[in-house]
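Chains, contacts and geometry: an overview
Residues per chain, in single letters:
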Amino acid sequence: MFTSKGQLVASLVVLSIAIGACGDNQATNNSNPAANGNATPAANTAAGSNLSGKVTVDGSSTVFPISEAMAEEFQKANPGVQVTVGNSGTGGGFKKFCNNETDISNASRPIKPEEVELCKKNNVEYIELPVAFDGLSVVVNPQNNFVKCLTVAELKKMWEPAAQGKVTSWRQIRPDFPDQRLGLYGAGTDSGTYDFFTKAIVGAEGKSRGDYTASEDDNTLVQGVSSDTNGIGFFGLAYYENNKEKLKLVAIDNGKGCVLPSAETVADGTYQPLSRPEFIYVKKSAATRPEVKAFVDFHLAEANQKLVKEVGYVPLPQDILSEVQARFNNGKVGSVFEGQGSTVGVTLKDLLKKEK
């Protein structure tokens, strides 16, 4: 069952960690493809148009498109409820959440020990809910005609702390690459994506070279790589999907051949080690408010999983979704990861097997 620490930790030990994003709290808008579509069946039968109130969400920029799409559809059926979704990054989101500033915190990795302590200090109890699966995309500028696939070892050589100020040319990564400047773009240190990427690639969470262009806003990274012919960067797959014409996707070789990230390779576990689950954390005291409970129920409705897919993520299968819903209904507080933070290792196939 999902309430078992041993089972979920064992099953989620490969697909987790990572990287969030940046920006202040902001009202949802129509920037996402899914948010502009027709209401889903669940939207038409959502918790009732007589609901009123406000729901505040902040955190991971990676999870942001999912929550934004959900908020847009939820508000169509419940115009009396205002849902605001910010993207200050996973770390920034947890700071606000644990300081009682938000109802829901989006996260692209599990909560860290210091965040657990901050929540405990401020008497904030939380319910941890996986909502989707995602893969991190590694991208280069479209004019790059020599990079098609990189090994995990090559990525580590590029990003490890020892590379700072020393590994500055593409030729240093592979001898047959040209002697051209290496332009690095990546998530900022408040991002769950940064945490996950460094754990998966460098081997230590939060450890990397510091001489790269950093941002918790994935759109800023897209802009950076797309305007730098020598650029390479990493962020959630959904941001690549929404900017295909500006970027070139790089396959990753984890020792079993080159694999490109996609909904299929994330779902079947072949895209490793850069696949992970995405989370929302719901404040238990806020979950007693009808508008917050209705929004979370809407978020987890099976019919609304098509929104998850439309914005570029891998939906949870129904059996896992049922476990997540039960966890929310039962008000199960705490993290099955016990504050470990980023976790790398389990495939979706493993997760399904463990949860049965």
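This write-up is about the structure you can find in this document. These figures come from a predicted structure and were not determined experimentally.

**Examining the overall build of the chain**
Regarding its fold elements, the chain presents 14 helices and 13 strands. Across the 356 residues of the chain, 60% fall into the buried class. In the chain, of all internal contacts separated by at least 6 residues, the share reaching a separation of at least 24 is 81%. Just so you have it, the chain exposes about 13,200 Å², and 48% of that area is on carbon and sulfur atoms.

**Considerations on helix 13 (residues 318-329)**
Each α-helix winds once per 3.6 residues, and so residues spaced three or four apart point in a common direction. Its twelve residues place the ends of helix 13 16 Å apart at the C-alpha level, agreeing with the 16 Å of an ideal helix rising 1.5 Å per residue. Residue Gly331 follows helix 13 closely and has a positive phi angle near 60°.

**So, the pattern of salt bridges**
Two side chains carrying opposite charge are able to pair once their charged atoms lie near each other. The final tally for this structure, using the stated rule, is 17 salt bridges. A salt bridge links Glu154 to Arg174; its shortest N-O distance comes to 2.8 Å. Of the two residues, Glu154 is situated in helix 6 (residues 152-159) and Arg174 in the loop between helix 6 and strand 7 (183-187); the sequence distance between them amounts to 20 residues. Residue Glu154 is classed as buried on the basis of its relative accessible area of 12%. Classification of Arg174 by relative accessible area gives partly exposed; the value is 24%. A single salt-bridge network, built from bridges that share partners, covers Arg109, Lys112, Glu115, Asp195 and Glu205.

**Here's the deal with the state of the cysteines**
Using the criterion set out here, one finds two disulfides in the structure. Each sulfur of the disulfide joining Cys98 and Cys119 lies 2.0 Å from the other. Of note, the bridge from Cys98 to Cys119 carries an S-S torsion of about -70° and is left-handed in sense. One end of the pair, Cys98, is in helix 4 (residues 90-98); the other, Cys119, is in helix 5 (residues 113-121), with 21 residues separating them in the sequence.

**Some remarks on the pairing of strand 5 (residues 126-140)**
The element strand 5 is extensively covered by neighbouring structure, given that 15 of its 15 residues are classed as buried. Taken together, the nine bridges between strand 5 and strand 12 (residues 275-283) define a ladder with antiparallel strand orientation. Note that in strand 12 the partner of Tyr126 across the bridge is Lys283. Pairing of strand 5 with strand 9 (residues 231-236), which is carried by five bridges, proceeds in the antiparallel orientation. Pairing of Ser137 across the sheet is with Phe235, part of strand 9. Pairing between strand 5 and strand 10 (residues 248-253): three bridges, direction antiparallel. Bridge pairing links Val140 to Lys248 in strand 10.

**Some remarks on the layout of surface pockets**
Space inside the second largest pocket adds up to approximately 170 Å³. The wall of the second largest pocket is formed by Ile252, Asn254, Gly255, Lys256, Gly257, Val259, Gly269, Thr270, Tyr271 and Gln272. Of the residues that constitute the lining of the second largest pocket, the class distribution is three nonpolar, six polar and one charged.

**Topic: the packing of aromatic side chains**
Throughout the structure, instances matching the rule amount to twelve aromatic pairs. Between Trp159 and Phe234 the ring centres are 5.2 Å apart and the planes differ by 80°, which places this aromatic pair in the edge-to-face class. Residue Trp159 is located in helix 6, and its partner Phe234 is located in strand 9; the two are separated by 75 residues in the primary sequence. Here Phe197 and Phe234 contribute two aromatic rings whose centre-to-centre distance is 3.7 Å and whose plane-to-plane angle is 5°, an arrangement assigned as stacked. Highlighted residues: Phe197 in helix 7 (residues 192-202) and Phe234 in strand 9, separated in sequence by 37 residues.

**Focus on the packing of helix 11 (residues 290-300) against helix 13**
Packed helices, taken two at a time, are described by their axes: the angle between them and the distance between them. Where helix 11 meets helix 13, the axes come as close as 10 Å, and the angle between the chain directions of the two elements is 170°. If you check the angle between helix 11 and helix 13, you find them roughly antiparallel. Of the residues in helix 13, those in contact with Lys293, Val296, Asp297 and Leu300 of helix 11 are Leu321, Val324, Gln325, Phe328 and Asn329. Residues belonging to the contact of helix 11 with helix 13 are distributed by class as follows: five nonpolar, two polar and two charged.

**Comments concerning the pairing of strand 12**
Within strand 12, nine of the nine residues are buried, leaving the element largely enclosed by the surrounding structure. Bridge analysis of strand 4 (residues 104-107) against strand 12 gives four bridges, and the strand direction is antiparallel. Looking at the pairing, Asn106 lines up with Ile280 of strand 12.

How each quantity is defined
- Residues numbered from 1 in each chain as written.
- Predicted model: local features only at pLDDT ≥ 70, side-chain atom pairs only at ≥ 80, totals over all residues.
- Heavy atoms only, no water.
- Helix = DSSP H or I, 4+ residues; strand = E, 2+ residues; numbered from the N terminus.
- Buried < 20%, exposed > 50% of the residue type's maximum accessible area, 1.4 Å probe, protein only.
- Contact = heavy atoms within 4.5 Å.
- Areas by Shrake-Rupley, 256 points an atom, 1.4 Å probe, with all protein chains shown as cover.
- Expected span 1.5 Å × (residues − 1).
- Salt bridge = Lys/Arg side-chain N within 4 Å of Asp/Glu carboxyl O.
- Disulfide = S-S within 2.5 Å.
- Pairing = 2+ DSSP bridges.
- 1 Å grid on protein atoms, 1.4 Å probe; cavity = no way out; pocket = protein on both sides within 12 Å on 5 of 7 lines; lining within 4 Å.
- Points joined across faces, edges and corners; volume = space filled by probe spheres on them.
- Nonpolar A, V, L, I, M, F, W, Y, C, P; charged D, E, K, R; others polar.
- Phe/Tyr/Trp six-rings, centres within 6.5 Å; stacked < 30°, edge-to-face > 60°.
- Axes fitted to C-alpha atoms, helices over the stretch in contact; angles between N-to-C directions.
- Parallel < 35°, antiparallel > 145°, perpendicular 65-115°, else oblique.

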